[in-house]
Amino acid sequence: MGTLALGLAHEIRNPLNAAVLQMHLLGKQVDREVASKDARASMRDRVQIVVGEIKRLGRLLTEFLELARPRGLAREAVPIGEVLDSVIELHQAEASMRGVVASRVEQGPKDARVLGDREKLRQVFINLFVNALDATPSGGTVRMTTRTRGGRVVIEVHDDGGGIAEADLPRLFDPFFTTKPGGTGLGLSIVRKILEQHGGAVIVRSKAGSGTTVEVELPAAADAPPTLPNAPPGATNAAPG
Ligand code: ADP
Ligand code: MG
């Protein structure tokens, strides 16, 4: 199934790329050869719509693969703060363009570590962050907080966007459920799948009109290895492994 899905994805992506390229050329030709300004504008709009739909197909493909393709999970101590910082950094430009302030707060012990796969966890928080960003109007904030609870690390992604209608709450994690024109509806399905693989959990708290908090819980990694500079004199640091 994994190899088949990969091969099919490749076969689909090539013609999609070719189609985007042709649309790009068509757009240029329209600019050159269509005399009427109104006709030009309306043709360019149509080209943009086609390009938008092709891009949506591309996203669908990427996200579907993420769900369909089995891959072994790494199990390492992941400093979750670093992951969250990298997610913010990745979307910083987009956030400022939309007038949204993104921030991170450590409420618990510093440098909490989660047991799991760094790349998969990053995917989780990218999906949650992008959803929060999509929901938040200009002037709003997206905040990610971390703390620990027992042997678990709790990460909240909070936004003060439009919130979620009560009727939609039970369907959020259904594959293909989306309320966005260009949405794939696969983001939260991926989040749930990855968290299940990690022995984690996710809860969404929201009300229409009053923002959303997504709470993720993950197993904490066992004690962080001692850091050399703070080790007492004479202490030996056994090399891990
Ligand atoms: P997509 O983002 O492609 O729509 P997701 O699975 O990521 O798919 O999200 C599904 C739906 O859940 C969204 O279309 C939206 O209606 C709702 N949703 C998720 N996160 C939020 C949020 N932070 N605020 C408001 N609605 C949200
Ligand atoms: Mg999404």
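Residues numbered from 1 in each chain as written. Chains lettered and ligands numbered in written order. Predicted model: local features only at pLDDT ≥ 70, side-chain atom pairs only at ≥ 80, totals over all residues. Heavy atoms only, no water.

**So, the overall build of the protein chain**
No. 1: The secondary structure content of the protein chain amounts to five helices and seven strands.
No. 2: Mapped from its N terminus to its C terminus, the protein chain presents α and β elements in the order α-α-β-α-β-β-α-β-β-α-β-β.
No. 3: In terms of overall dimensions, the protein chain has C-alpha extents of about 80 × 45 × 35 Å along its principal axes.
No. 4: Buried positions account for 36% of the 241 residues belonging to the protein chain.
No. 5: Here the protein chain has roughly 14,100 Å² of accessible surface; of this, 57% comes from carbon and sulfur atoms.
No. 6: Taking the 30 positively charged and 28 negatively charged side chains of the protein chain as two groups, their mean positions are separated by 2 Å. (Helix = DSSP H or I, 4+ residues; strand = E, 2+ residues; numbered from the N terminus. Buried < 20%, exposed > 50% of the residue type's maximum accessible area, 1.4 Å probe, protein only. Areas by Shrake-Rupley, 256 points an atom, 1.4 Å probe, with all protein chains shown as cover. Lys, Arg positive; Asp, Glu negative; His and termini not counted. Charge placed at Lys NZ, Arg CZ, Asp CG, Glu CD.)

**Observations concerning the nonpolar core**
No. 1: Membership of the largest hydrophobic core comes to 38 residues, with the highest contact counts inside it found for Ile80, Phe125, Leu128 and Phe129.
No. 2: Sort the elements by how many residues they give to this core and helix H4 (residues 118-135) lands first, with eight residues.
No. 3: Residues contacting phenylalanine 129, with those up to four places away along its chain left out, are Val87, Ile88, His91, Ala102, Val142 and Met144. (Core = buried A, V, L, I, M, F, W, Y, C linked by side-chain atoms within 4.5 Å. Contact = heavy atoms within 4.5 Å.)

**Looking at the domain arrangement of the protein chain**
No. 1: In terms of domains, the protein chain is made up of domain 1 (2-68) and domain 2 (76-230).
No. 2: The distance between the C-alpha centroids of domain 1 and domain 2 comes to 30 Å.
No. 3: With seven residues of domain 1 at the contact, the number on the domain 2 side is 12 residues.
No. 4: Roughly 880 Å² is buried in total at the junction of domain 1 and domain 2, and carbon and sulfur atoms are behind 60% of that figure.
No. 5: Among the residues of domain 1 in contact with domain 2, Glu63, Glu66 and Leu67 are the three that bury the most area, contributing 63% of the side total.
No. 6: Applying the counting rule to domain 1 against domain 2 returns one salt bridge.
No. 7: Taken together, domain 1 and domain 2 are joined by five residue pairs in polar contact (both at pLDDT 80 or more). (Domains from an automatic or database assignment. Buried area = accessible area lost by both parts, 1.4 Å probe. Salt bridge = Lys/Arg side-chain N within 4 Å of Asp/Glu carboxyl O. Polar contact = N/O pair within 3.5 Å; in protein donor to acceptor, adjacent residues only side chain to side chain.)

**Things to note about the site of ligand 1**
No. 1: Lining the immediate surroundings of ligand 1 are 18 residues, of which Asn131, Thr178, Thr179, Lys180 and Leu188 lie closest.
No. 2: Between ligand 1 and threonine 178 there is a distance of 2.6 Å, counted from an oxygen atom to a side-chain nitrogen or oxygen.
No. 3: Threonine 179 is positioned with one of its side-chain polar atoms (N or O) 2.5 Å from an oxygen atom of ligand 1.
No. 4: When contributions to the shell around ligand 1 are tallied by element, the ones reaching two or more residues are H4 and helix H5 (187-197).
No. 5: A total of three residues in the shell around ligand 1 trace back to one element, the largest contributor, which is H4.
No. 6: Here the residues of the shell around ligand 1 are counted per class, giving seven nonpolar, nine polar and two charged. (Near = heavy atom within 4 Å. Nonpolar A, V, L, I, M, F, W, Y, C, P; charged D, E, K, R; others polar.)

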